[in-house]
Amino acid sequence: MSVLDRIRELNREARSLLEEARSKGRYAAAVQAIGAATRLLELEAKLLGELDERPSVQVALVASPEWARLRAVVLEALAPYPEARAALVERLEAEGA
């Protein structure tokens, strides 16, 4: 039996205990069973790759000094090509950049 299979079996057992505790009015035990089932579900999701715990970093590119310099350089390079420069400016503005 794989680790994942064992976790799934434990989860079924925790859910069964939850139902039994509920039916007998043992609410403290029901809360414990919910906690166990939640931890097992989280572990299962991690093992299946369904829980992405990687840190997420978002960078506001348009607010960076590097973007301002790059934009200026590109627009300057396009100065001899006014139509292309105008099209680029229009597109950048439409994108909020």
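Provided above is the structure to which this section pertains.
Residues numbered from 1 in each chain as written. Predicted model: local features only at pLDDT ≥ 70, side-chain atom pairs only at ≥ 80, totals over all residues. Heavy atoms only, no water.

All right, on to the overall build of the protein chain then. For the protein chain, the count of helices and strands is 4 helices and 0 strands. Listing each helix as α and each strand as β along the protein chain from the N terminus yields α-α-α-α. Since a compact globule built from 97 residues should have a radius of gyration of about 13 Å, the 28 Å found for the protein chain marks it as more spread out than a globular shape. Overall, the protein chain is about 80 × 35 × 20 Å in size when its C-alpha atoms are taken along their principal axes. Taking contacts inside the protein chain between residues at least 6 apart in sequence as the whole, the part at least 24 apart equals 45%. When the accessible area of the protein chain is evaluated, it comes to approximately 7800 Å², of which 57% is carbon and sulfur surface. (Helix = DSSP H or I, 4+ residues; strand = E, 2+ residues; numbered from the N terminus. Rg over C-alpha atoms; globule rule 2.2 N^0.38 Å. Contact = heavy atoms within 4.5 Å. Areas by Shrake-Rupley, 256 points an atom, 1.4 Å probe, with all protein chains shown as cover.)

Within the element layout of this structure, Glu-44 appears in helix H2 (residues 27–48). Leave out the neighbours within four places in its chain, and Glu-44 touches Leu-4, Ile-7, Arg-8 and Asn-11.

Helix packing for two helices is described by the angle between their axes and how far apart those axes are. Where helix H1 (residues 3–23) meets H2, the closest approach of the two axes is 8 Å, and the angle between their N-to-C directions is 160°. As the angle between them shows, H1 and H2 are arranged roughly antiparallel. Every pair of crossing elements has a handedness; the one defined by H1 and H2 is left-handed. Residues Val-3, Leu-4, Ile-7, Arg-8, Leu-10, Asn-11, Ala-14, Leu-17, Leu-18, Ala-21 and Arg-22 of H1 form the contact with H2, whose participating residues are Ala-29, Ala-30, Ala-33, Ile-34, Ala-36, Ala-37, Leu-40, Leu-41, Leu-43, Glu-44, Leu-47 and Leu-48. Residue composition of the contact of H1 with H2, grouped by class: 19 nonpolar, 1 polar and 3 charged. (Axes fitted to C-alpha atoms, helices over the stretch in contact; angles between N-to-C directions. Parallel < 35°, antiparallel > 145°, perpendicular 65-115°, else oblique. Left-handed = near helix turned anticlockwise from the far one by under 90°. Nonpolar A, V, L, I, M, F, W, Y, C, P; charged D, E, K, R; others polar.)

Here we take up helix H4 (residues 82–94). Here H4 spans 18 Å end to end across 13 residues, near enough to the 18 Å set by a 1.5 Å rise per residue. Count one or two residues on from H4 and you reach Gly-96, which has phi positive near 80°. (Expected span 1.5 Å × (residues − 1).)

Our next topic: a nonpolar patch on the surface. On the surface, Val-3, Leu-43 and Leu-47 cluster together into a nonpolar patch covering about 250 Å² of accessible area. Tracing the sequence through the fold places Leu-43 in helix H2. Among the residues examined, Leu-43 registers a relative accessible area of 38% and is labelled partly exposed. (Patch = residues over 30% accessible without salt bridge, like charges linked within 9 Å, V, L, I, M, F, W, Y side chains within 5 Å. Salt bridge = Lys/Arg side-chain N within 4 Å of Asp/Glu carboxyl O. Buried < 20%, exposed > 50% of the residue type's maximum accessible area, 1.4 Å probe, protein only.)

Next up on the list: the pattern of salt bridges. By the definition in use, this model includes 8 salt bridges. Residue Lys-46 pairs with Glu-42 through a salt bridge whose shortest N-O separation is 3.6 Å. Of this pair, Lys-46 and Glu-42 both sit in helix H2, separated by 4 residues, roughly a single helical turn. A residue is classified by how much of its surface remains accessible, and Glu-42, at 35% relative accessible area, is partly exposed. Because the salt bridges share partners, they merge into one network encompassing Glu-42, Lys-46 and Glu-53.

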